[in-house]
There are 2 protein chains.
Amino acid sequence: MILVADNIQITNKTIENALKTMRPDPIQEMAKQCEAAGAEMLDINSGPLSRDPEAKMTFLVEAVQEVSSLPILIDTANSKAVEAGLRANKKTAVINGFSLEPAKLESILPLAKKFDVDIIGYLLYPNSHVPPDESERLNVAMELYNEFQNAGLDKDRLIIDPVVVPVLWENGNIQAMEVMSVIKTLPDLLGFDVRTIAGVSNLTTGKGNKEKKLVLEKAYLPMLASAGLTMALLNVFHSETIRTARACNALADPMIFTWEAL
Amino acid sequence: MILVADNIQITNKTIENALKTMRPDPIQEMAKQCEAAGAEMLDINSGPLSRDPEAKMTFLVEAVQEVSSLPILIDTANSKAVEAGLRANKKTAVINGFSLEPAKLESILPLAKKFDVDIIGYLLYPNSHVPPDESERLNVAMELYNEFQNAGLDKDRLIIDPVVVPVLWENGNIQAMEVMSVIKTLPDLLGFDVRTIAGVSNLTTGKGNKEKKLVLEKAYLPMLASAGLTMALLNVFHSETIRTARACNALADPMIFTWEAL
């Protein structure tokens with residue numbers, strides 16, 4: 001399980017202000033902290049970037065890549081920003097992401113082909129609503145994969161996000177368990193060893209005691225790991241969650257176990 | 001996932017001394033503490049009881065049942081002690097357990113029929129060695145189930161222990177992962193929803209830093225839970241592991257999630 005930091009995001013005040021004033025330092029500081037905390041990839045969630053999308057995303061990508069060699073995920077629904085980010089990229093970039101939403105199929109999905117990069121596909125309806133259960137998620141996966149193939153992309157470029165929803169949603173816990181069945185079923189359904197990513201922080205979004213949220217997150221992550229999740233998108237500053245992830249990897253690693261792995 | 005305390009065991013000095021001197025208080029104190037810590041069943045691991053097996057197990061069962069209504073697991077390889085424990089039992093008892101070992105098939109398995117109680121079957125070879133991989137464990141499961149049926153027992157009485165081995169064994173981590181596949185496969189293999197139990201403490205037996213052991217245990221338990229484990233045998237005084245188990249149950253519970261469940 002590869003750990004992807006979700007920390008560099010516009011909802012973080014520090015990042016928001018740094019982006020507003022185009023000051024790279026706070027962003028670079030955060031990127032370095034994420035790497036030190038165990039991040040193996042960095043998600044750059046810029047929000048929609050309604051003003052100056054190209055300049056802003058170029059700034060973000062350059063700022064991060066000046067201080068970190070980690071692969072980046074370009075996380076925005078703004079296709080202009082995605083394209084600018086891919087142009088600015090000097091290392092490894094992943095598009096995060098597309099869905100059945102027509103605008104994304106039309107303007108974001110082709111960028112994966114154009115720039116020959118990996119792209120994350122979300123199991124969401126065309127209107128961006130979350131499918132209510134496992135079988136609907138799998139239906140969406142089939143449609144998504146068709147669109148992906150129609151765009152002329154090689155299957156190895158696809159990463160699927162089954163969409164973790166907040167546990168506080170009416171059936172959030174049931175969906176949390178179904179997400180694992182989806183992860184297990186996808187390779188058989190699509191006929192190849194498709195990679196997966198899940199937004200772990202989504203599970204505990206909303207009301208709730210912070211400490212209990214961490215307990216829940218630490219319980220859910222090993223379940224995702226044993227379901228075969230490829231990449232976990234999470235807050236890498238949750239040090240106990242990261243230790244849990246290391247323990248999962250030490251268990252799943254076919255090498256001889258040593259305590260040093262934890 | 002039902003939490004079974006493995007704390008009442010002869011390798012604990014307090015329990016060993018109490019049993020030697022037939023003093024019920026320390027055992028009763030431990031039983032109450034286990035219940036307070038979240039135990040839903042109590043394993044009574046008396047060791048082989050080479051001297052006075054009947055009197056010792058009778059003493060243990062009576063001591064525990066004087067202060068706790070929780071179901072007990074009678075955990076000894078001594079069939080005389082098992083029988084005495086079942087005679088002394090006034091509540092719910094489970095035999096822990098039998099395997100393909102000839103002496104156990106002959107003298108312990110029939111007690112489940114005689115006393116009409118649940119019995120745990122270990123996926124071990126007749127010489128008590130641990131099968132090296134998943135497919136061997138499944139072969140043993142088939143043989144074990146045959147013996148179980150030949151003893152005239154109803155399938156609902158069977159609980160299977162796939163045998164967690166120490167992660168420090170040469171391929172311990174691989175076996176830890178295979179145990180989960182076994183748990184998932186057993187219902188299909190045997191053709192019914194067989195219950196399972198796993199000794200979680202076994203994973204971290206041996207050398208190692210205590211705190212790292214807890215991290216590993218907390219990572220492994222949710223994996224077992226999502227594999228569908230029915231009962232987890234563990235040290236209920238590991239409060240963070242118990243909280244993790246509660247979080248797993250809150251996720252797996254089809255009821256609406258609330259933070260109060262954690």
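Calculation rules
- Here the residue numbers are simple positions, counted from 1 along each chain's written sequence.
- Here chains are named by letter from A upward and ligands by number from 1 upward, in the order in which they appear as written.
- Only residues with pLDDT of 70 or above have their local features reported here, since the model is predicted, and side-chain atom pairs are shown and tallied only from 80 upward, although totals for entire chains, interfaces and linings are computed over all residues.
- Computation of side-chain values: all heavy atoms of the structure, hydrogens and water removed.
- Least squares is used to superpose the copies, and the fit set is the C-alpha atoms of residues whose pLDDT is at least 70 in both copies.
- Contact between two residues is taken to exist if any of their heavy atoms lie within 4.5 Å; hydrogens are not considered.
- Buried area, as used here, totals the accessible surface that two parts lose on assembly, with accessibility defined by a 1.4 Å probe and the loss added over both.
- We define a salt bridge as a side-chain nitrogen of Lys or Arg found within 4 Å of a carboxyl oxygen belonging to Asp or Glu.
- Polar contacts, as used here, are pairs of N or O atoms within 3.5 Å; protein pairs need one atom able to donate a hydrogen and one able to accept it. Residues neighboring in sequence count only if both atoms are side-chain atoms.
- The numbering of helices and of strands both runs from the N terminus, where a helix is a DSSP run of H or I of at least 4 residues and a strand a run of E of at least 2.
- Every helix has an expected span of 1.5 Å times one less than the residues it contains.
- To get the bend at a residue, fit one axis to the 7 residues ending there and another to the 7 starting there, then take the angle between the axes.
- Think of it in three bands: residues with accessible area under 20% of the maximum for their type are buried, residues over 50% are exposed, and the middle band is partly exposed, with areas taken using a 1.4 Å probe on protein chains only.

## Some points on the relation of the copies chain B and chain A
Least-squares fitting of chain B to chain A yields an RMSD of 0.0 Å, with the transformation described by 0.0 Å of translation along the axis and a rotation of 180°. The transformation just described matches what one would write down for a two-fold rotation axis. No C-alpha of chain B approaches the rotation axis more nearly than that of Met223 of chain B, which lies at 2.5 Å. Residue by residue, 100% of the interface of chain B is reproduced at the interface of chain A, so both copies engage with the same surface.

## So, the interface of chain B and chain A
Across the boundary between the two partners, chain B contributes 41 residues, which contact 41 residues of chain A. Buried area between chain B and chain A, summed over both chains or domains, comes out near 3300 Å², and the portion from carbon and sulfur atoms is 69%. The largest contributions to the chain B side of the interface with chain A come from Lys212, Leu251 and Trp259 of chain B, which together make up 24% of the buried area. Linking chain B to chain A there are two salt bridges. The shortest N-O distance in the salt bridge between Glu211 of chain B and Arg243 of chain A comes to 2.3 Å. Counting across the chain B and chain A interface gives 13 residue pairs in polar contact (both at pLDDT 80 or more). Taken together, the elements giving at least two residues each to the side of chain B that touches chain A come down to helix H8 (172-190), helix H9 (210-227) and helix H10 (239-252) of chain B. Here the side of chain B that touches chain A takes twelve residues from H9 of chain B, the largest share from any one element.

## Things to note about H8 of chain B
Residues and elements named next belong to chain B. With 19 residues, H8 ought to run about 27 Å at 1.5 Å a step, and its terminal C-alpha atoms sit 26 Å apart, in line with that. Along its length, H8 shows its largest kink, about 35°, at Lys184, and proline Pro187 lies within four residues downstream of that point. Burial in H8 covers these residues: Gly172, Asn173, Gln175, Ala176, Glu178, Val179, Met180, Val182, Ile183, Leu186 and Leu190. Gly191 sits one or two residues past H8 and shows a positive phi near 85°.

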